[in-house]
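Observations on chain architecture
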Amino acid sequence: MTNENRTVANRYELGKLLGSGGMGEVFVATDLTLGRRVAVKLLRPEFVKDTKLCTRFKQEARSASKMSHPNIVRVFDAGDDLETLEDGHTQKRPFIVMEYVEGVELSTIIARGPLKVSEATRVAVELLAAIGYAHEMGVVHRDVKPSNIMLTRSGQTKVLDFGIARAITDAFSDLTQTTTILGTAAYFSPEQARGESVDARTDIYALGVVLFEMLTGAAPFSGETAVIVAHRHIHELPEAPSTLNARVSPAMDHVVLKALAKDKNNRYPSAAAFARELALAVAGHIPTPEVVLDDVDQLLGPAAAAGRPVAAKPVLPSDFNTLFGSGLDTAPKFEISKRRRPQRSRVIVGLLTTVLAIIAIVGMSVWVVNIAPTDFFPSASRTVPDIRDMNFFEASAALDKVNLVATEASETSSTVAKGVVVRSEPGRGAIVDSGITVVVYVSEGLAKVVVPATVGMAAADATKTIVAAKLKQGSLTPQNSPTVAENLVIGTTPAQGTQVEEGSLVTLLVSNGHIELPSLGGLALKAATDILRGPTLLLSPTVTADPSCPKRAELVVNRQSVPAGQVPQGTAITLTYCSG
C-alpha cells in the first residue's frame, strides 16, 4: 500500500514524500492531535523483521527526544505503526516523529561549489554548538554529514538523525553493509573504519570533514568503494584546504587538519575547543599547539617514580556476599539442640549418612571448580566499570564497551585533578540494565572562593580574613601611599572580589606610610608646586624668595628644604627661588 495519505499510529497523517535514504523514508505529516506539521521517518520495510535494529532504532530515538537545542531537529515521538500489507497480513513498522524544517540540505548547497569562508565558518560554529550540547547530554551522533544537516530559510543550521547511526552500527558489524545503509564512508573517522569504540572526538573528525567540504566543495577522501575510502581515512593524510581553495587561510588550514588528526588524542578534545580555535582562525591567528601528555604521564604525572606493587586485599566470592551478606552477623549460624543420647543404630546410620554427604560435597566441589563461570544476573544486565582516574572520553569509551551511555557532570574536588573522573552514578560494580545512562562526575579541581574585601584593614586582621576564606597568605608587599596610614591594606593580588581556587595565594599590598619625593631643583616654580600637590604626593609646599641670587625671567626652584627620596606622608617642604 502507498504510504502517502495514510495515518500512522492513529495520529500522524502522512503527506508527500520528502526524501528517502538507506535507513528509511521521510514524509511531511500533520499531527492530528496538536494540529501542527511534523516530519515522520518510517523504517524501510526490509529492516522491519530485524528485531535488534528495530529495538535500537526506538531506543536511540527516545534518547534523542530528551535534547532541546536551537540547532538540533527535535524528536517528538517514536513507536511502532501497525501496517496492513497487500496480502492482508499486518506488520509493525517503527517510526520517528520529528520537527518539520523548511530548508535545504547542506549537501545540496555544497554540490553547487565551495561556500564562502565566512559562511562556512558560520555554519560550522552552529554545528559545533549543536554537537557540543549533545556531547554534554551524553549523546555521540556518529553520523555527522551534510545530508544530515539542514539550513532553514532564515539560514539557521539544524542537525538531525541523532542516534540513528548507533542503531545501525549495533545491528550490523560488517563495515560494507553499515556504510551502504548509512552512506557515510566519506565521513568515517579512522577508529570507526577500524571498528573500534567511538566517543565525542569521532564527531569532531566528521565535523572536520564537513568543514573541509564546505571550504573546498569536495570531501578529503573518496574512492570507488566504502572499503577504499575507509582505508584512506586510516592511512592517508588529507590535503590542506588552501590547496583546493586559495581563499582559505593558513590559520583555517591548521584548524581543519587538527580536527582530521588520525589519532583521536591529537584532535580537539571537545566541540567548544574546536569552536575557540575556529574563532582564532577567523581572526587570522594560528593557535599555539598544546603539549599533550601520554597516558602514563596523565595518570601518574610526568616525573612519577615507580612504586612497589601493593598486594591486593583478599575478597570474598561474590556469591557468598549475595547469599549471606558481608558481615559476621549475617553469616549462617548452626546450633546443636540439647537432646537425649541417641541409640547406637541411629549413630551408625548418621555416620554413614555423613560419609556419603562428604563424598557428595567433594564431588560437587570438583565439578564446581571445573565448570565454566556463569553470570548470576541475566545477560541483559551490565556491571558499571571502574572509570575513576580516567578523563571523560576514556570513561565514555569504557561505558560504551558494555553498552552503557555516558553523560558528563562536574563537581569540585580537593583530591582529584581537574578533568579527571571522580565517581559515577550508578557507582562502579553496580548491576544495571543495558543501555541506561551513567552520570560521570568530572573534577573541576578545587572549589572556587572569592578573595575577601580587606582594603583599609590592618595587615594582621587582613591575614586572618584571608585564611578564614580558605586562601593562603602570600607576601606582604609595602607600597607608597599619600593617604592610607602605615600598616593598612591598600589592595590585594588577585584583587578583592575575584574568584580563585581554594588554597590560592593572596598578596597583601600594605601602606608603608611614605611617599617618594622627587628632585625639584631647576624646575619652574609653578611646575614644581603642581607636582607636590598632585595625587601621588598631596603635599602643601611653602614658597620663599632668596634675594641673595639674581632673579630670572621665569621663577625657577633654587632649593628644596627636604632632599629627594622616601619621606613620611604630609612632610612639610619649602621651595626657594631667586629674587635678587
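All figures in this text were calculated on a predicted structure; none of them were measured in a lab.

What counts as what
- Residues numbered from 1 in each chain as written.
- Predicted model: local features only at pLDDT ≥ 70, side-chain atom pairs only at ≥ 80, totals over all residues.
- Heavy atoms only, no water.
- Helix = DSSP H or I, 4+ residues; strand = E, 2+ residues; numbered from the N terminus.
- Contact = heavy atoms within 4.5 Å.
- Areas by Shrake-Rupley, 256 points an atom, 1.4 Å probe, with all protein chains shown as cover.
- Core = buried A, V, L, I, M, F, W, Y, C linked by side-chain atoms within 4.5 Å.
- Buried < 20%, exposed > 50% of the residue type's maximum accessible area, 1.4 Å probe, protein only.
- Domains from an automatic or database assignment.
- Axes fitted to C-alpha atoms, helices over the stretch in contact; angles between N-to-C directions.
- Parallel < 35°, antiparallel > 145°, perpendicular 65-115°, else oblique.
- Left-handed = near helix turned anticlockwise from the far one by under 90°.
- Nonpolar A, V, L, I, M, F, W, Y, C, P; charged D, E, K, R; others polar.
- Salt bridge = Lys/Arg side-chain N within 4 Å of Asp/Glu carboxyl O.
- Arc of directions from axis to C-beta.
- UniProt positions renumbered as here; feature names shortened; annotations may be inferred.
- Phe/Tyr/Trp six-rings, centres within 6.5 Å; stacked < 30°, edge-to-face > 60°.
- Lys NZ or Arg CZ within 6 Å of the ring centre and 35° of its normal.
- Pairing = 2+ DSSP bridges.

Once that is clear, we can look at the overall build of the chain. Within the chain one finds 16 helices and 24 strands. In the chain, the share of contacts with a sequence separation of at least 24, taken over all contacts with a separation of at least 6, comes to 64%. Carbon and sulfur atoms make up 56% of the accessible area of the chain, which amounts to about 32,100 Å² in all.

With that settled, consider the nonpolar core. One finds Met67, Leu106, Phe162, Val210, Leu211, Met214 and Phe274 to be the most contacted residues of the largest nonpolar core, which totals 65 residues. Residue contributions to this core peak at ten residues, all from helix 7 (residues 200–216). Both domain 1 (7–99) and domain 2 (103–283) contribute no fewer than three residues apiece to this core.

This part takes up unusual backbone geometry. A cis amide bond links glutamate 425 with the next residue in sequence, proline 426, at an omega value of 5°. Structurally, proline 426 is set in the loop between strand 12 (421–425) and strand 13 (431–433). Of the consecutive residues threonine 493 and proline 494, the connecting peptide bond is found in the cis state with omega at 0°. Looking at where proline 494 falls in the secondary structure, it is placed in the loop between strand 17 (489–493) and strand 18 (499–501). Its identity as a non-glycine residue notwithstanding, alanine 9 has a phi of 55°, on the positive side. Relative to the assigned elements, alanine 9 resides in the loop between strand 1 (7–8) and strand 2 (12–20). For alanine 9, a relative accessible area of 32% translates into the label partly exposed. Notably, asparagine 10 is not glycine yet its phi reads approximately 55°, a positive angle. Within the secondary structure, asparagine 10 is located in the loop between strand 1 and strand 2.

Taken N-terminus to C-terminus, the directions of helix 9 (residues 250–259) and helix 10 (residues 271–282) make an angle of 160°; their axes are 8 Å apart at the nearest point. By the angle between their directions, the pair helix 9 and helix 10 is classed as roughly antiparallel. The element helix 9 and its partner helix 10 pack so that their crossing is left-handed. Contacts from Ala251, Met252, His254, Val255, Lys258 and Ala259 of helix 9 reach helix 10 at Phe274, Glu277, Leu278, Ala281 and Val282. Across the contact of helix 9 with helix 10, the residue classes tally to eight nonpolar, one polar and two charged.

The next subject is the pattern of salt bridges. Evaluation of the coordinates by the stated rule reveals 24 salt bridges. A salt bridge links aspartate 31 to arginine 11; the nearest nitrogen and oxygen atoms lie 2.8 Å apart. With aspartate 31 in strand 3 (residues 24–31) and arginine 11 in the loop between strand 1 and strand 2, this pair connects stretches of sequence that are 20 residues apart. Arginine 388 serves as the salt-bridge partner of aspartate 386, at 3.0 Å between the closest nitrogen and oxygen.

The next thing to look at is helix 8 (residues 226–235). All of the buried residues along helix 8 are Val229, Ala230 and His233. The arc enclosing the buried residues of helix 8, seen along the axis, measures out at 100°, which places them on a common side.

Once that is clear, we can look at the UniProt feature "binding site: ATP" (unreviewed entry) in the chain. Summarizing the sequence annotation, UniProt attributes the feature "binding site: ATP" (unreviewed entry) to Lys41 in the numbering used throughout. Along the chain, lysine 41 falls in strand 4 (residues 36–43). Classification of lysine 41 as buried rests on a relative accessible area of 7%. Ignoring any residue separated from it by four or fewer positions in sequence, one finds lysine 41 in contact with Glu25, Val26, Pro94, Phe95, Ile96, Met98 and Asp161.

Another aspect to go through is the environment of alanine 409. By the element assignment, alanine 409 lies in strand 11 (residues 405–411). Along the primary structure alanine 409 and valine 439 are separated by 30 residues, whereas in three dimensions their C-alpha atoms are 6.6 Å apart. When neighbours within four sequence positions are excluded, alanine 409 is seen to be in contact with Val439, Val440, Tyr441 and Val442.

Let us now look at the packing of helix 7 against helix 10. Interhelical geometry of helix 7 versus helix 10 gives an angle of 30° and a closest axis separation of 10 Å. Between helix 7 and helix 10, the crossing angle belongs to the class labelled roughly parallel. Here the hand of the crossing between helix 7 and helix 10 comes out right-handed. Within the contact between the two elements, helix 7 uses Ile204, Leu207, Gly208 and Leu211 and helix 10 uses Ala271, Phe274 and Leu278.

Our focus in this paragraph is the packing of aromatic side chains. Counted according to the given criterion, the structure contains three aromatic pairs. Ring centres 4.8 Å apart and planes at 15° place the aromatic pair tyrosine 268 and phenylalanine 274 in the stacked group. Of the residues examined, tyrosine 268 reaches a relative accessible area of 1% and is grouped as buried. The buried category is assigned to phenylalanine 274, whose relative accessible area is 2%. Consider the rings of phenylalanine 392 and phenylalanine 393, whose centres lie 6.2 Å apart with planes at 65°: the pair is edge-to-face. Each of the two residues, phenylalanine 392 as well as phenylalanine 393, counts as buried. Arginine 36 extends its terminal NZ or CZ atom over the ring of phenylalanine 76, reaching a point 3.9 Å from the ring centre. Residue placement shows arginine 423 over the ring face of tyrosine 441; its charged tip is 3.8 Å from the ring centre.

A word on the sheet that holds strand 24 (residues 574–578). Pairing in this open sheet of three strands is mixed, and the strands run 21-24-22 from one edge to the other. Across the chains shown, the open sheet's two edge strands, defined by having one partner strand only, are strand 21 (542–546) and strand 22 (557–560). Each adjacent strand pair in this sheet contributes to an overall mean axis angle of 30°, direction not counted. In this structure, strand 22 lies alongside strand 24, joined through three bridges in antiparallel fashion. Paired with valine 557 across the strands is tyrosine 577, a residue of strand 24. Helix 16 (residues 525–533) rests against strand 21, strand 22 and strand 24 of the sheet, and its axis sits at about 175° to strand 24.

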